[in-house]
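Examining the three-dimensional arrangement
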Amino acid sequence: MIKSLSIFFFFSVFYVTSFCQGRVENIIIITADGLRWQEIFSGMDSSIARNKKFNQGDSAYIFKTYWNDNAVERRRKLMPFLWSTIMQSGQIYGNRIYNCNVNTANPYKFSYPGYNEIFTGYADTIINSNDYPNNPHINLLEFINRNKRYTGKVAAFTAWNAFDRILNEQRSDIPVIAAFDTTTSKAPLSKMLNEMLRNSYKPFGNNECLDMFTHYGAIEYLKAKKPKVLYIGYGETDEWAHAAQYRDYLNSARQTDKWISDTWNYIQSDVNYKNKTALFITTDHGRGDKNKDQWTTHGKSVDEANEIWFAVMSPNVPAKGEIKESTQVYQKQFAQTMASLLGLIFEANHPIGEKIKF
Ligand SMILES: [Zn+2]
């Protein structure tokens, strides 16, 4: 009896272990531009919400929608998917209350250097402007696309048009559908989406579209073309913060969480993706905080703007939820970490931050 029980136990452990480390074939990478760790981990900031300069004359709505005295309840109101599904099945880094620190390694604390660091694993100080031309460094998406298993199965959808340069669309040979780029997919909704995009409200000018077009463009592509690597770069959180509109900033964070949830639900409903897809979510930079007026801004002179966060959920990453241990990781480690989720080692002609151990 004891012997057969131990054999049973052995096989159960073997089965559970091999299930947990199941082969991951796909990855969805998501960024929410300039979304602060302060809201991710503590939800809405009441002092910003009360300030007439920032609350768009509607603090009643903001408090009713996002406030709770308890920070854990409060953050769940802002990002319900992050704090339920990912909390249960993934890992979430960046709560500095527990000294779980995630930082940019680049000193600039704005977008092009941040996205360069995420995708190349190299915080090259030469990349010092959002107008920087085509990125000279090989990025992770292009590296994966060169692998025969993945060629033609990698795509990026981004609200901001600078990604054409950040991901060097010319050289990288992966589709970068940025801002007002239209898609040629034969997906049924694609024609309509293109038409709506062209004629949409353009509060951020011609360099950036509303996130909804980026999102639905990406989802249509996911359903029609089944990419193995898909990057979705949302931009509105940063735009509304710069506009000092805290209500819109919070609404856009909550909307992004909803879209991540929709994307994940689709992933888990499709045999091409179910239980073999990783999700990696992060941001390009932080924003100010101690001086509350600085929540709107970021950049080299804003102390806390190098403070970021990330979340990961993948069949080969143990479920630990919110990380409450003293940790220090850097944005330049994300590229190799994402490669490792797919069982790959990212190699390029530049230094690459080492993978994070989960
Ligand atoms: Zn910005």
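Data block above holds the structure.
About the cut-offs
Residues numbered from 1 in each chain as written. Predicted model: local features only at pLDDT ≥ 70, side-chain atom pairs only at ≥ 80, totals over all residues. Heavy atoms only, no water. Helix = DSSP H or I, 4+ residues; strand = E, 2+ residues; numbered from the N terminus. Buried < 20%, exposed > 50% of the residue type's maximum accessible area, 1.4 Å probe, protein only. Contact = heavy atoms within 4.5 Å. Areas by Shrake-Rupley, 256 points an atom, 1.4 Å probe, with all protein chains shown as cover. Lys, Arg positive; Asp, Glu negative; His and termini not counted. Charge placed at Lys NZ, Arg CZ, Asp CG, Glu CD. Donors = N, O, S within 2.8 Å, 3.2 Å for Na, K, Ca; no water. Tetrahedral: all angles 85-135°; square planar, octahedral: opposite > 155°, others 65-115°. Pairing = 2+ DSSP bridges. Salt bridge = Lys/Arg side-chain N within 4 Å of Asp/Glu carboxyl O. Core = buried A, V, L, I, M, F, W, Y, C linked by side-chain atoms within 4.5 Å. Phe/Tyr/Trp six-rings, centres within 6.5 Å; stacked < 30°, edge-to-face > 60°.

A few words now on the overall build of the protein. Helix and strand content of the protein: 15 helices and eleven strands. The C-alpha extent of the protein, read off along each of the three principal axes, is 70 × 50 × 40 Å. Each of the 358 residues in the protein was classed as buried or not, and the buried ones make up 56%. Considering only residue pairs separated by 6 or more positions, the protein has 71% of its internal contacts joining residues 24 or more positions apart. With the model as given, the accessible surface of the protein reaches about 15800 Å², and the carbon-plus-sulfur share is 53%. Separation between the mean location of the 41 positive side-chain charges and that of the 36 negative ones in the protein comes to 6 Å.

Attention shifts here to the coordination of the zinc ion. Each pair of donors in an ideal octahedron of six around a metal sits at 90 or 180 degrees, and each pair in an ideal tetrahedron of four sits at 109.5 degrees. Protein coordination of the zinc ion is provided by Asp238 (OD), Asp238 (OD), His242 (NE2) and His298 (NE2), with donor distances spanning 2.0 to 2.5 Å. Of note is the zinc ion, whose four donor atoms meet at the metal with angles of 55 to 148° in an arrangement that counts as irregular. Linear spacing of the donor residues for the zinc ion on their chain is D-x3-H-x55-H. Note that histidine 242 is positioned in helix α13 (residues 236-242) and histidine 298 in the loop between β7 (277-282) and β8 (307-308), a separation of 56 residues in sequence.

Time to look at the sheet that holds β8. One open sheet accounts for three strands, arranged β8-β3-β11; its pairing is mixed. The sheet is open, and its two borders are formed by β8 and β11 (327-330), each paired with just one other strand. Two strands pair when backbone bridges link them, and strand β3 (residues 100-103) and β8 are joined in this way by two bridges, in the antiparallel orientation. Bridge assignment links valine 102 to a residue of β8, and that residue is isoleucine 308.

With seven of seven residues buried, strand β1 (residues 26-32) lies mostly within the body of the structure. Of the two faces of β1, both are covered, the one formed by Asn26, Ile28, Ile30 and Ala32 as well as the one formed by Ile27, Ile29 and Thr31. Examined bridge by bridge, β1 and β7 share six bridges and lie parallel to one another. When the bridges of β7 are listed, threonine 31 appears paired with threonine 282. Pairing analysis gives six bridges linking β1 to strand β6 (residues 229-234), with the strands arranged parallel. Its bridge partner lying in β6, isoleucine 28 is registered against leucine 230.

So, about the sheet that holds strand β9 (residues 310-313). On the basis of which strands lie adjacent, the open sheet formed by eight strands has the order β5-β4-β6-β1-β7-β9-β2-β10 and mixed pairing. Whereas interior strands pair on both sides, the edge strands pair on one side only; in this sheet they are β5 (176-178) and β10 (321-322). With three bridges joining them, strand β2 (residues 91-93) and β9 adopt antiparallel strand pairing. Along β9, the bridge assignment pairs tyrosine 93 with phenylalanine 310.

Now for the side chain of asparagine 106. Assignment of secondary structure puts asparagine 106 in the loop between β3 and α7 (111-120). Its relative accessible area of 3% is what places asparagine 106 among the buried residues. Excluding residues within four positions of it along the chain, asparagine 106 makes contact with Pro113, Gly114, Glu117, Ala123 and Gln331.

Attention shifts here to the pattern of salt bridges. Inspection of every chain in the model, using the stated rule, returns 18 salt bridges. Ionic pairing is found between arginine 171 and glutamate 142, a salt bridge with its closest N-O pair at 2.8 Å. On the criterion of sequence distance, the pair formed by arginine 171 in helix α10 (residues 169-172) and glutamate 142 in helix α8 (residues 140-145) is long-range, its members being 29 residues apart. The exposure class of arginine 171 is partly exposed, given its relative accessible area of 30%.

Turning to the nonpolar core, a few remarks are in order. In terms of nonpolar packing, the biggest core is built from 55 residues, with Ile86, Tyr246 and Leu279 touching the most fellow members. Beyond its immediate stretch of four places on either side in the chain, tyrosine 246 contacts Glu39, Met44, Asp45, Ile48, Ala49, Phe54, Gln56 and Trp295. Val24, Val176, Val229 and Val329 belong to the second largest nonpolar core, which has 48 residues in total.

Let us look at the pairing of β6. Most of β6 is tucked away, with six of its six residues classed as buried. Residues of β6 alternate between two faces, with Val229, Tyr231 and Gly233 on one and Leu230, Ile232 and Tyr234 on the opposite face, all of them buried. Of the pairings in the sheet, the one linking strand β4 (residues 154-158) to β6 comprises five bridges and is parallel in character. Note on β6: the bridge partner recorded for phenylalanine 157 is isoleucine 232.

Bringing the packing of aromatic side chains into the picture now. One pass over the structure, following the stated rule, counts 25 aromatic pairs. An angle of 80° between the planes, with centres 5.8 Å apart, marks the rings of tyrosine 112 and tyrosine 132 as edge-to-face. Of this pair, tyrosine 112 sits in helix α7 while tyrosine 132 is found in the loop between α7 and α8, placing the two residues 20 residues apart along the sequence. Residue classification places tyrosine 112 among the buried residues on the basis of a relative accessible area of 0%. Judged by relative accessible area, which is 16%, tyrosine 132 ranks as buried. By way of ring pairs, the aromatic residues Tyr93, Phe280, Phe310, Phe334 and Phe358 are connected into one cluster.

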